[in-house]
Amino acid sequence: MREKATLTVVLGLTILGGALAWAQTPQNPQIVADRAGRMIDLKSGTNLNNQVILIRGDRITNVGAAASVQIPAGARVIDLSQATVLPGLIDGHVHLTDQAGGLQHQMLVGLHSAMESMRAGYTTQVVMGSHGGGYADVELKKGIESGLIQGPRLITAGPILNIEGPANAPYPLEWKPFEPEITANGAGALRAGVRELAHYGAEHVKTHTTGRFYFKPNGDMVNQGLPSLDELKAIVDEAHRRGMWTASHTYGGEGLKFAIEAGVDNIQHATAADDEDIKNLVAKKLPVTTTTLDHRQDEPGDLRQWEPYSRYRLVQKTWVKMMNAGVILGWGSGAGPVSNGQGRIYDKACNCSHGVQGEMFPIFVSWGATPVYTLRMATTVNAQIIHMEDRIGAIEAGKFADLIAVSGDPLTNISEMQRVKFVMKGGQVIKNDLTPSAVAAR
């Protein structure tokens, strides 16, 4: 059945390609020169004025002041002289697909989700579980990398790998229910699940270490742990043996302590991390990617049950503690599709979450982070977390030509990150609302 499903997805991509095919990089690509009025230097946290970025094919070849970088004759010049240029953004936590329809539907939904976020500046997106989409993210990545369709750089997960959690599935009466995840119990079975993910092309393993939760009258958050420590260690060990890394949905309590002890590579949320957890996260240099917009959306429901306590109010306190303690903090939105009527809606005006993730930047600044700190989270820090710092996350020679631009200066007004005007991925202009067209070749 899996072979048939994969074939169906490939055929779906082929059909999509007829409408969305784009030219692959030619053998002798033209040099592109981006003139940047301002370029944020993430290392120093300052703007560099009047910069030139030279690009050949999908890579940056040279970066520097216009006075020192000569634009070759015949180069195509893109005028961003009235804008601020930054590296392409990395969303470290997205969901592209849903549980509605078949795999053909999943491919269409996944492509739409990915493109909406890419047009908002997220040239790299880390999929944190397909949520019923099977391996659609893997097939979508293949289509993008082959040049069949246009899309962001995807870091794929396939289905989430979980143990059988308490009361999380209907009991089948006369039919087998649709299973959106890989469910396995015991260290051996979970290792087999990791091998399945690796076999079908997933690049990392996502699991849940906490499940149901509630708030006590004193505000303490109680989280039910899911896999045992031995089970979690088996997932991490097997993933590393297969050249994969691990991520976990983890709020707090035993599940967070197990995730830290097992060495989960990228812990998501850590909403209720206590002082001991934070100390151990720092000591083991384990990153945390905290999604905030989903907690904000869920706050009305939380308050109806546990007012004045909610995940959103708790995560602000926890996140500030982690930042001040020196925890490596990544940037991830939790954005997902809303096509099945059940997805997260971060912006009611567009009825969407993909494409409006920029709302997180001013939230983090309001919590005490500097603008440059938040920009590093979504670029250099995230690149390190997903082990791609040699290719993305900075505007440097040798790295992919993934660039974005905004009209104003995010270092003085971080809300500019909600209005990305220019997007380039791998030397290809995806969006340009700044200039009517590229300047003619010199």
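Because the structure is predicted, anything quoted here is derived from the model rather than measured.

This next bit is on the environment of alanine 335. Residue placement: alanine 335 occurs in the loop between β16 (329-330) and α10 (360-366). Taking C-alpha positions, alanine 335 is 9.1 Å from threonine 291, a pair spaced 44 residues apart along the chain. Beyond its immediate stretch of four places on either side in the chain, alanine 335 contacts His93, Val94, His95, Tyr346, Ser353, His354 and Gln357.

On any regular strand, side chains alternate: one points to one face of the sheet, the next to the other face. The sheet contact formed by strand β11 (residues 210-215) and strand β12 (residues 221-225) spans four bridges and is antiparallel. Paired with tyrosine 214 across the bridge in β12 is valine 222. Between β11 and β12, which pair antiparallel one after the other, the connecting turn spans five residues, and glycine 219 there sits at a positive phi close to 95 degrees.

Within the structure shown, the criterion is met by one disulfide. Between cysteine 350 and cysteine 352 runs a disulfide, and the two sulfur atoms are separated by 1.9 Å. One quick way to see it: the torsion about the S-S bond of cysteine 350 and cysteine 352 is about -75 degrees, and its sign makes the bridge left-handed.

Take the sheet that holds strand β1 (residues 31-41) next. The strands that make up a sheet are held in pairs by hydrogen bonds between backbone atoms, and each pair lies either parallel or antiparallel. On the basis of which strands lie adjacent, the open sheet formed by seven strands has the order β3-β2-β1-β4-β17-β18-β19 and mixed pairing. A strand with exactly one partner marks an edge of an open sheet, and here the two such strands are β3 (59-65) and β19 (428-432). Between one strand axis and the next, the sheet turns through 30 degrees on average, direction left out of account. As paired strands, strand β4 (residues 76-87) and strand β17 (residues 403-406) are joined by four bridges and run antiparallel to one another. Note that in β17 the partner of proline 87 across the bridge is leucine 403.

Below, the discussion takes up the sheet that holds strand β6 (residues 122-127). Strands sit in the order β5-β6-β7 across an open sheet of three strands; the sheet is parallel. Every interior strand has two partners, whereas the edge strands, β5 (89-94) and β7 (153-155), have only one. With direction set aside, neighbouring strand axes in the sheet form an average angle of 20 degrees. As defined by bridge partners, β6 adjoins β7 across three bridges and the pair is classed as parallel. Of the residues in β7, the one forming a bridge with glutamine 125 is leucine 154.

Look at the link from glutamate 307 to proline 308: it is a cis peptide, with omega at 10 degrees. Within the secondary structure, proline 308 sits in the loop between α8 (293-306) and α9 (311-325). Notably, lysine 285 is not glycine yet its phi reads approximately 55 degrees, a positive angle. The topology assignment puts lysine 285 in the loop between α7 (275-284) and β15 (288-289). Residue lysine 285 is classed as exposed on the basis of its relative accessible area of 64%.

Looking now at the pairing of strand β13 (residues 245-250). Within β13, six of the six residues are buried, which leaves it mostly tucked inside the rest of the structure. Burial of the side chains of β13 extends over both faces: Trp245, Ala247 and His249 are buried on one face and Thr246, Ser248 and Thr250 on the other. As judged from the five bridges shared by strand β10 (residues 204-208) and β13, these two strands associate in the parallel manner. Paired with histidine 208 across the two strands is histidine 249, which belongs to β13. In this sheet, strand β14 (residues 266-269) lies alongside β13 in parallel orientation, the contact comprising four bridges.

What counts, and at which threshold
Residues numbered from 1 in each chain as written. Predicted model: local features only at pLDDT ≥ 70, side-chain atom pairs only at ≥ 80, totals over all residues. Heavy atoms only, no water. Helix = DSSP H or I, 4+ residues; strand = E, 2+ residues; numbered from the N terminus. Contact = heavy atoms within 4.5 Å. Pairing = 2+ DSSP bridges. Disulfide = S-S within 2.5 Å. Axes fitted to C-alpha atoms, helices over the stretch in contact; angles between N-to-C directions. Buried < 20%, exposed > 50% of the residue type's maximum accessible area, 1.4 Å probe, protein only.

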